[in-house]
Amino acid sequence: MEKIVYISMKGNQGIAKALNRGINYCLEKGFSWILTMDQDSRFITSLKGYKEYISNQDSQRVAILCPTYSIEGENRPAPATEPYPLRKVIQSGNLIQGEVFRKSGGYQEKYFIDYVDYEYCMRSRKNWVTIYYAFRK
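Read on for a plain summary of the structure. (Residues numbered from 1 in each chain as written. Predicted model: local features only at pLDDT ≥ 70, side-chain atom pairs only at ≥ 80, totals over all residues. Heavy atoms only, no water.)

1. Side note on the overall build of the chain
Link 1 in the chain: When helices and strands are counted, the chain shows 4 helices and 4 strands.
Link 2 in the chain: Reading the chain from its N end, one meets helices and strands in the order α-β-α-β-β-α-α-β.
Link 3 in the chain: Taking the contacts inside the chain whose residues are at least 6 apart along the sequence as the reference set, 75% of them involve residues at least 24 apart.
Link 4 in the chain: Only carbon and sulfur atoms are counted for the fraction: they give 51% of the accessible area of the chain, which is about 9300 Å². (Helix = DSSP H or I, 4+ residues; strand = E, 2+ residues; numbered from the N terminus. Contact = heavy atoms within 4.5 Å. Areas by Shrake-Rupley, 256 points an atom, 1.4 Å probe, with all protein chains shown as cover.)

Written as structure tokens, this is what we have:
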């Protein structure tokens with residue numbers, strides 16, 4: 001299997017359209033969880049918390065598993081050892097649960113960049129009674 005697949009959007013058509021295209025490609029390939037990242041994002045720890053949660057919990061009602069964010073110049077609270085629910089999260093660094101994504105219809109492409117992630121979170125919570133967890137491991 002190829003490790004990197006480039007999907008041309010033939011220009012900037014907005015983050016929602018690009019996310020939908022990429023996530024749908026992954027779903028067609030049989031993946032059930034899809035990692036989304038921005039060009040300026042990186043992991044400073046491993047994906048261990050994600051893997052453990054998916055392996056050991058009933059995650060059917062989980063739309064997104066998200067990390068703790070560390071933004072340069074901002075003070076953050078000490079990491080928690082257990083996941084906890086959130087109302088909304090930014091899309092970068094998240095694992096998107098494929099089945100919830102399918103049922104929700106994906107990201108709303110009428111939003112070019114702003115509010116794409118928050119709208120998805122709110123709609124997921126409203127329609128699919130999903131829960132969000134932040135991993136701070």
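What follows continues from the structure just given.
2. With respect to the pattern of salt bridges
Link 1 in the chain: Taken as a whole and judged by the stated rule, the model has 3 salt bridges.
Link 2 in the chain: The partner of Lys48 in a salt bridge is Glu52, with the nearest N and O atoms 3.8 Å apart. With Lys48 and Glu52 both in helix 2 (residues 48-56) and 4 residues apart, this pair spans about one turn of that helix.
Link 3 in the chain: Relative accessible area serves as the criterion here: at 52%, Lys48 is assigned to the exposed category.
Link 4 in the chain: Across the pair Arg102 and Glu99 runs a salt bridge whose closest N-O atoms are separated by 3.1 Å. Here Arg102 and its partner Glu99 are both found in helix 3 (residues 98-104), 3 residues apart, which amounts to about one turn of the helix. (Salt bridge = Lys/Arg side-chain N within 4 Å of Asp/Glu carboxyl O. Buried < 20%, exposed > 50% of the residue type's maximum accessible area, 1.4 Å probe, protein only.)

3. Observations concerning helix 1 (residues 15-28)
Link 1 in the chain: Look at helix 1: 20 Å from first C-alpha to last across 14 residues, which is about the 20 Å you get at 1.5 Å a residue.
Link 2 in the chain: Positioned one or two residues after helix 1, Gly30 has a phi angle of 95°, which is positive. (Expected span 1.5 Å × (residues − 1).)

4. Regarding the environment of Gly22
Link 1 in the chain: Its location among the elements puts Gly22 in helix 1.
Link 2 in the chain: Residues Gly22 and Thr36, 14 residues apart in the sequence, show an inter-C-alpha distance of 9.0 Å.

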